[in-house]
Amino acid sequence: FATIIKAVSNGRNVYRNIKNAIQFLLSGNMAGIFCVIYTSLSALPMPFAPVHLLFINLLTDSLPAIAIGMEPPEEGLLKLPPRDPSEGILTREFVRDILVQGGLIAAATLWAYRIGLTQGGEGVASTMAFSTLTLTRLLHGFNCRSSRPVLSLGFSSNLYSVMAFELGAVLLGAVLFIPGLQRMFAAADLRAGQLLAVCAAALVPTLIIQAFKAWREGIA
């Protein structure tokens with residue numbers, strides 16, 4: 001009987017982690033699609049070079065998603081009612097969350113893009129958009145760990161997510177500051193104020209999502 005209970009707990013946790021990883025991947029990629037659609041309809045230069053999209057997909061679609069898959073079971077997982085086996089993953093609420101989160105990430109990326117376009121032209125704008133989308137998606141990995149706020153979970157409960165963010169941030173910094181990688185990834189030099197704008201824009205979606213989760217947990 002103890003084995004049955006453990007199997008149910010593991011099964012629920014695996015299903016939850018798969019669903020959270022799908023949410024992370026779809027919302028992040030939706031943000032990139034929103035950015036490209038907006039700039040195309042507005043007759044603006046493309047916000048990302050092909051090499052930028054390749055870097056984003058290789059980095060942010062792998063490390064944080066793997067870390068989400070390593071999320072341990074939460075307390076109270078067995079107290080939840082069983083899910084309907086006929087219900088698919090893409091429920092109305094799930095799709096809504098993907099669109100809302102993707103929209104927030106896209107808005108932050110386009111805000112940074114607009115600043116770069118005003119201050120430095122197409123090259124700076126593209127670099128700022130690329131940097132913001134990459135950093136925002138790395139942070140978004142914390143949002144998709146659970147339906148609960150990350151402060152309730154604790155960062156130490158899944159150190160893989162912390163290591164994924166740290167490694168991703170180091171690789172992004174290498175692209176932005178090492179001359180050889182700058183040329184390879186078509187990255188322009190960013191001033192201190194522009195780097196600060198990238199960091200601020202990247203933080204806003206995560207702060208909004210975490211604040212909403214904390215509010216929802218408080219009224220639950």
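Everything numeric in this text was worked out from a predicted model, so none of it was measured.

**Some thoughts on unusual backbone geometry**
Even without a glycine there, the phi angle at A43 is positive, about 55°. Here the phi dihedral of A186 falls at roughly 50°; this positive angle occurs in a residue that is not glycine. Summarising the element assignment, A186 is placed in the loop between helix 8 (179–184) and helix 9 (192–219). Given the relative accessible area of 46%, A186 is considered partly exposed.

**Things to note about the nonpolar core**
Within the largest apolar cluster, 23 residues are counted, with the highest numbers of intra-cluster contacts made by F48, F55, Y113, F130, L133 and L172. Of all the secondary-structure elements, those providing two or more residues to this core are helix 1 (2–41), helix 2 (50–60), helix 4 (92–119), helix 5 (122–143) and helix 7 (159–177). Here this core takes six residues from helix 5, the largest share from any one element. The residues touching Y113, leaving out its near neighbours within four places in the chain, are T39, L44, P45, M46, P47, A125, S126 and A129. By size, the runner-up hydrophobic cluster in this structure holds nine residues, among which are I115, V124, M128 and L190.

**What to know about the pattern of salt bridges**
Across all of its chains, the model carries six salt bridges by this definition. Note that D97 is salt-bridged to R96, the shortest N-O span being 3.3 Å. Beyond isolated ion pairs, a larger network of salt bridges with shared partners links R16, E74, R148 and E217.

**Structural notes on the environment of S161**
Its location among the elements puts S161 in helix 7. Between the C-alpha atoms of S161 and A187, which are 26 residues apart in sequence, the distance is 27 Å.

**Here we look at the packing of helix 5 against helix 7**
Interhelical geometry of helix 5 versus helix 7 gives an angle of 170° and a closest axis separation of 9 Å. Judged by the inter-axis angle, helix 5 sits roughly antiparallel to helix 7. Taken together, the residues of helix 7 that come into contact with helix 5 (itself represented by T127, F130, S131, T134, L135, L138, L139 and F142) are S161, V162, A164, F165, G168, A169, L172, V175 and L176. Looking at the contact of helix 5 with helix 7 residue by residue, the classes come out as twelve nonpolar, five polar and no charged.

**Things to note about the packing of aromatic side chains**
The relation between two aromatic rings is expressed through the spacing of the ring centres and the mutual angle of the planes. Under the counting rule described, the total for this entry stands at five aromatic pairs. With centroids separated by 5.5 Å and ring planes inclined at 70°, the aromatic side chains of F55 and F130 adopt a geometry described as edge-to-face. Here F55 is found in helix 2, whereas its partner F130 is found in helix 5, with 75 residues between them in sequence. Like F130, F55 is buried. Measuring from centroid to centroid gives 5.3 Å for F55 and F185, while their planes differ by 75°, and the two rings are edge-to-face. Of this pair, F55 sits in helix 2 while F185 sits in the loop between helix 8 and helix 9, and the two are 130 residues apart along the sequence. The pair F55 / F185 is uniform in exposure class, with both members buried.

**Some thoughts on empty space enclosed by the protein**
As enumerated under the stated definition, the model contains one cavity of 30 Å³ or more in all. A volume near 40 Å³ is recorded for the largest cavity. Lining the largest cavity are P64, A67, L138, G141, F142, S161, A164 and F165. Those elements giving two or more residues to the lining of the largest cavity turn out to be helix 3 (63–69), helix 5 and helix 7.

**Overview of the layout of surface pockets**
Counted as a void, the largest pocket has a volume near 1100 Å³. The wall of the largest pocket is formed by 33 residues, among which R16, K19, N20, L80 and S147 lie closest to the centre. Secondary-structure elements contributing two or more residues to the lining of the largest pocket are helix 1, helix 4 and helix 9. Ranked by residue count, the leading element in the lining of the largest pocket is helix 4, at seven residues.

**Topic: the environment of F165**
By the element assignment, F165 lies in helix 7. C-alpha of F165 to C-alpha of R137: the two residues are 28 residues apart in sequence and 9.3 Å apart in space. When sequence neighbours within four positions are dropped, the list of residues in contact with F165 reads L135, L138, L139 and F142.

Here is what the cut-offs are and how they apply
Residues numbered from 1 in each chain as written. Predicted model: local features only at pLDDT ≥ 70, side-chain atom pairs only at ≥ 80, totals over all residues. Heavy atoms only, no water. Helix = DSSP H or I, 4+ residues; strand = E, 2+ residues; numbered from the N terminus. Buried < 20%, exposed > 50% of the residue type's maximum accessible area, 1.4 Å probe, protein only. Core = buried A, V, L, I, M, F, W, Y, C linked by side-chain atoms within 4.5 Å. Contact = heavy atoms within 4.5 Å. Salt bridge = Lys/Arg side-chain N within 4 Å of Asp/Glu carboxyl O. Axes fitted to C-alpha atoms, helices over the stretch in contact; angles between N-to-C directions. Parallel < 35°, antiparallel > 145°, perpendicular 65-115°, else oblique. Nonpolar A, V, L, I, M, F, W, Y, C, P; charged D, E, K, R; others polar. Phe/Tyr/Trp six-rings, centres within 6.5 Å; stacked < 30°, edge-to-face > 60°. 1 Å grid on protein atoms, 1.4 Å probe; cavity = no way out; pocket = protein on both sides within 12 Å on 5 of 7 lines; lining within 4 Å. Points joined across faces, edges and corners; volume = space filled by probe spheres on them.

Purely spatial values, then, with no claim about function.
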